[in-house]
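What follows is each chain in one-letter form.
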Amino acid sequence: MAAHVHHAPNPKTYLLVWLFLIIMTGVTAAVAYIDMPGPLNAIVALVIAVIKALAVALIFMHLWVSSRLTKLTAIAGMFFLGIMLTLVSIDYISRSWIAPSIFTYFRH
Amino acid sequence: MSSITQPLPQQEKAFRWKMPEESYLTDGYSLKSWLLTTDHKRIAMLYLISISFAFLIGGIFAMLIRLELLTPAGDLFESDTYNQLFSAHGIIMVFFFLVPSIPATMGNFLVPLMVGARDLAFPKINLLSWYLYVFGFAFMITALVLGGVDTGWTFTVPLSTSYVNTHVILAAMAIFIAGFSSIFTGLNFIVTIHRMRAPGMTWTRLPLFLWSNYATALIMVLGTPVVAITLLLVILERTFHIGVFDPAYGGDPLLFQHMFWFYSHPAVYIMILPGMGVVSEIIPCFSRKRPFGYTMIAYSSLMIAMFSFLVWEHHMFIMGVSTYSALIFSFVSFLVAIPSAIKVWNWTATMYKGSIHWDTPMIYAIGFIGLFTIGGMTGVMLASLGMDISLTETYFIVAHFHYVMVGGMLLAYLGGLHFWWPKMTGRMYPEAPAKLSAILTFVGFNLTFFPQFVLGWLGMPRRYHSYPPEFQVLNVLSTAGASVLAVSFILPAVYLLWSLKYGAIAGPNPWGAAGLEWTVQSPPLTHDFVETPVVTTEAYDYENIPEPAYASR
Amino acid sequence: MPMDSHTMTVDHMQEAGHPALKPYFDDLAQQRDASTFGMWVFLLTEIMFFGGMFCAYLIFRNLYHDAFVAASNTLDVVLGTINTAVLICSSLTMAMAVWSAHMGRRLMIVVFLIATVLLGLVFLSIKGVEYKEKWDSHHVPGLNFSTDAFTHPEKSQGEGELGHPALPSDVAQHTVIYFGLYFCLTGMHALHMIIGIGILCFLIRFAWDGHYTADHYTMIENFGLYWHFVDIIWIFLFPLLYLISRHR
């Protein structure tokens, strides 16, 4: 149990992460106005959000240096949220299926 | 396990146990010492009292329902009143009795004792959880006093959001608040089991009761927040018409069903997994054998917790969900039968060639296996799409879930209560009336609910206060059974209270059972263990534990 | 894993008398481990709590895409971006407060916690300005709602929707769902911030009194986890509510 040996990141790391987050916020706001094909705008925005969230979780929340159990807890949250979103979507995607038309659902 | 310094009863025939002078019960007698306690055992007792009260109220509503159904005409209550009766019965029994029943009483009492800790990880949060429960229950009682709620326990939208003018908001708040009590219990169990095990208490030495409570806690933590937000959205929909669930604004009632059952199906396993844990403790003890397939029983609990999040749509097969997704959910619903069957087989295999003792907890446990098997097998019938469409919303489904929840959980709850009663109070219950009530429960239960399978098969729909006259014979049988059942619940209440003063003194281990909780005095000290126990053997080392002379033979 | 914490070491013996050690824990390491893990499990429940609303948002955005795009364009991206930056700054000050506690610097803890409170208040104020704007343009479901801005955009005074074609009234009606979810999501997020600021005030008081030492600052650390989590929720709300419908 390495609780006493606390590898907390130092202020320099925090500042770098903060800078990265601020820049990414600007980037995501800017690219939102670029017209990309299909659902790409939403995908880009969400990918940036995931990267930002990971930066906060891994560095600010010390997940990077946490025990396996803590990491597992964080992953479990994402996993069960994923189950809910996926399985609910499955119903909505296929509810009106006569001929499969999965792509009309994710037009945007 | 660790040693008992005092002699076991059979070593010295004339030996009689004395009540220990100090225990958690003698640590302060004032009301304040109970209401502000952080001792997990006292909180367990507070829970025991409050859920017994909830059970009484829910039971009264059940009796009123059965009285109404005695005759085909809707003569005793108006249909509206009848709607309120079954809603109140459902809400109280599900959210205020079954969900907290075993985890909050026996779980609270036993988890620290079984892992060898001096308390749960967060005692104050544990106390908060009880207050939230009481607070939520107060909301529910207020809703009932002000005129009740008639949406059924499922709060079906848009009925609950747009059409009824009963106290939906109060009842939903009640469940919202009680939900947090359940979350806090689950959180405490997870952290305690992960972080506070005694030296040598490895995962594979963990009692099976803890494995099943751990799985339950996972469901509580992952599922309950979803029902909390769902009911919050119902409240907001009803007050502000945000349109999410209301088809008049383009909202989708099926989304409510998805979100509600995302919790409420796993909640069905909150209502059975702890019972399985209790049975997994009782069967080895009264068969004097280590459980057959310990690892598989343990892992099957986790499997049930996992699968429980993948099957919720089988509650929605007739609601117009996509056929394709219904196929997937139907398939996964069949899979749940696998871990459940593993458990049933392993319990029976444990009894095989065991030295079986017919004490009261064992009678309850064997009743559990039989009734749970029937409840589970009819569940498999309902998992198949075609069967479900004709049988759901009939008395078949009512009988099915009562076989699991009452026949399963309630029997396990009573069995566990008898099994650990000597540990909780230091005194034995009287064996003869206990056996009688255990047998009465089994008989009364089957008399009540087996006719309902037949009724449902014949097509009697649920949630109506009147029915065609040809169904009367079976309904009369069912009501008669309910009366037997009522007697079998009143009986334990009487003799358990009696035993508090007059019961024989139990001593630390009246059953000769394995487990750390039996190595300490009964009732235990406030801090459970005088010194941190060190575990050196497996959980069910019955080959090396002498049989006690005490238990009734 | 937990076995190591029970080995009797000299450290352990000294710690036995530590004022912060609760009697049911064996040592400070176990106590700290348990409470941090408990906090993470609590955050797990929070993920599922917000998850329900995210799920509803996902479904309805795809069902009523046009209404959601139009409604989303009434939000002020500039204010949203500023608020995101404010929240990220508050996460930085929170992380620094935890670091100061780790270093055992009492005054620095207090300063960084106060900075966090102030940034939190700035966020809430900007949020308040946005809510006020929603109220003025009749976009609050149940209390003050009208679809006029979408069916007759030429009459509207708001900035965002200018230049958008008028929506048919049946499509415009679905904007109520967007605003319903907008207020649920941001309102629940704001409620978490308010609770957080309330707790922060107590933490500042305790920190000032010197309750936190380099070997015991679990409360600050766990609160930090909560604060960062609320930040993460906003990191997802920002693109979902403000950004993904901006492009033409």
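Residues numbered from 1 in each chain as written. Chains lettered and ligands numbered in written order. Predicted model: local features only at pLDDT ≥ 70, side-chain atom pairs only at ≥ 80, totals over all residues.

Caption draft 1: Quick look at the overall build of chain A. When you go through chain A residue by residue, the secondary structure sums to four helices and zero strands. The helix and strand sequence of chain A, counted from the amino end, reads α-α-α-α. Sorting the 108 residues of chain A into buried and exposed places 33% on the buried side. Once local pairs closer than 6 in sequence are excluded, the contacts in chain A between residues at least 24 apart make up 52%. (Helix = DSSP H or I, 4+ residues; strand = E, 2+ residues; numbered from the N terminus. Buried ≥ 20, exposed ≤ 12 C-beta atoms within 10 Å, placed from the backbone. Contact = placed C-beta atoms within 7 Å.)

Caption draft 2: Structural view of the overall build of chain B. Helix and strand counts for chain B come out as 18 helices and zero strands. Expressed as lengths along the three principal axes of its C-alpha atoms, the size of chain B is roughly 75 × 45 × 45 Å. Evaluated residue by residue, chain B yields a buried proportion of 59% over its 553 residues. Restricting to contacts in chain B with at least 6 residues of sequence separation, those with at least 24 account for 85%.

Caption draft 3: Region of the structure containing the packing of helix α5 (residues 106-136) of chain C against helix α8 (residues 175-208) of chain C. Residues and elements named next belong to chain C. Contact geometry for α5 and α8: axes closest at 9 Å, N-to-C directions at 155°. Here α8 runs roughly antiparallel to α5, going by the angle between their axes. The handedness of the crossing between α5 and α8 comes out as left-handed. For the pair α5 and α8, contact is made by R106, I109, V110, L113, I114, T116, V117, G120, L121, F123, L124 and K127 and by T186, A190, M193, G196, I197, L200, C201, L203, I204, A207 and W208, respectively. Partitioned by chemical class, the residues of the contact of α5 with α8 number 17 nonpolar, four polar and two charged. (Axes fitted to C-alpha atoms, helices over the stretch in contact; angles between N-to-C directions. Parallel < 35°, antiparallel > 145°, perpendicular 65-115°, else oblique. Left-handed = near helix turned anticlockwise from the far one by under 90°. Nonpolar A, V, L, I, M, F, W, Y, C, P; charged D, E, K, R; others polar.)

Caption draft 4: Molecular detail of the interface of chain A and chain B. Contacts between the two partners involve 10 residues from chain A and, on the opposite side, 12 residues from chain B. Grouping the constituent residues of the side of chain A that touches chain B by class yields seven nonpolar, one polar and two charged.

Caption draft 5: Representation of the environment of B:F137. All names here are of chain B. Within the secondary structure, F137 sits in helix α5 (residues 123-146). Along the chain, F137 and E431 lie 294 residues apart, while their C-alpha atoms are 34 Å from each other. Once residues lying within four places of it in the same chain are set aside, the contact partners of F137 are S50, A54, F96, A174 and A178.

Caption draft 6: Up close: the interface of chain C and chain A. The interface of chain C with chain A comprises 41 residues on the first partner and 44 residues on the second. Elements that contribute at least two residues to the side of chain C that touches chain A include exactly α2 (28-63), α4 (77-103) and α9 (218-243) of chain C. At 14 residues, the largest contribution of residues to the side of chain C that touches chain A is made by α2(C). Of the residues that constitute the side of chain C that touches chain A, the class distribution is 25 nonpolar, 10 polar and six charged.

Caption draft 7: Representation of unusual backbone geometry. Residue and element names in this part refer to chain B. With an omega of 0°, the peptide bond between V157 and P158 qualifies as cis. Tracing the chain through its elements places P158 in the loop between α5 and α6 (159-163). Even without being glycine, R288 reaches a positive phi, approximately 50°. A count of 16 C-beta atoms within 10 Å places R288 in the partly exposed class. Backbone geometry at E393 places phi at a positive 65°, although glycine is not the residue there. Structurally, E393 can be placed in the loop between α15 (385-391) and α16 (395-425). Assessed through the 15 C-beta atoms surrounding it within 10 Å, E393 is described here as partly exposed.

Caption draft 8: Here's a closer look at the environment of C:A207. Residues and elements named next belong to chain C. Residue placement: A207 occurs in helix α8. For the pair A207 and L113, spaced 94 residues apart in sequence, the C-alpha separation works out to 9.1 Å. Discounting residues that sit within four places of it in the chain, A207 has contacts with R106, I109, V110, L113 and Y212.

Caption draft 9: Spatial organisation of helix α14 (residues 360-383) of chain B. Its 24 residues give α14(B) an end-to-end C-alpha distance of 34 Å, which sits within 8% of 34 Å, the value for a rise of 1.5 Å per residue. In terms of burial, α14(B) is largely enclosed, as 17 of its 24 residues are buried. (Expected span 1.5 Å × (residues − 1).)

Caption draft 10: Seen up close, the confidence of the model for chain B. Averaged over every residue, the pLDDT of chain B is 92; residues scoring 70 or more account for 96%. Scored below 50 in pLDDT, residues 1-7 of chain B makes 13 contacts in the model with residues more than four places away or belonging to other chains. (pLDDT = per-residue confidence, 0-100.)

Caption draft 11: The nonpolar core, seen in detail. Formed by 293 residues in total, the largest nonpolar core has its most connected members in B:M140, B:A171, B:A174, B:I190, B:V221 and C:L181. Filtering out sequence-adjacent residues up to four positions away, B:A174 remains in contact with B:G136, B:F137, B:F139, B:M140 and B:A143. (Core = buried A, V, L, I, M, F, W, Y, C linked by C-beta atoms within 7 Å.)

Caption draft 12: Molecular detail of helix α13 (residues 337-351) of chain B. Residues and elements named next belong to chain B. The terminal C-alpha atoms of α13 lie 21 Å apart, and with 15 residues this matches the ideal 21 Å at 1.5 Å per residue to within 8%. When α13 is considered as a whole, its buried residues turn out to be P339, S340, K343, V344, N346, W347 and T350. End-on, the buried residues of α13 take up no more than an arc of 165°, which puts them together on one face. Buried residues belonging to α13 abut α10 (273-287), α11 (294-307) and α14. Backbone geometry just downstream of α13 places K353 in the positive-phi region, at approximately 60°. (Arc of directions from axis to C-beta.)

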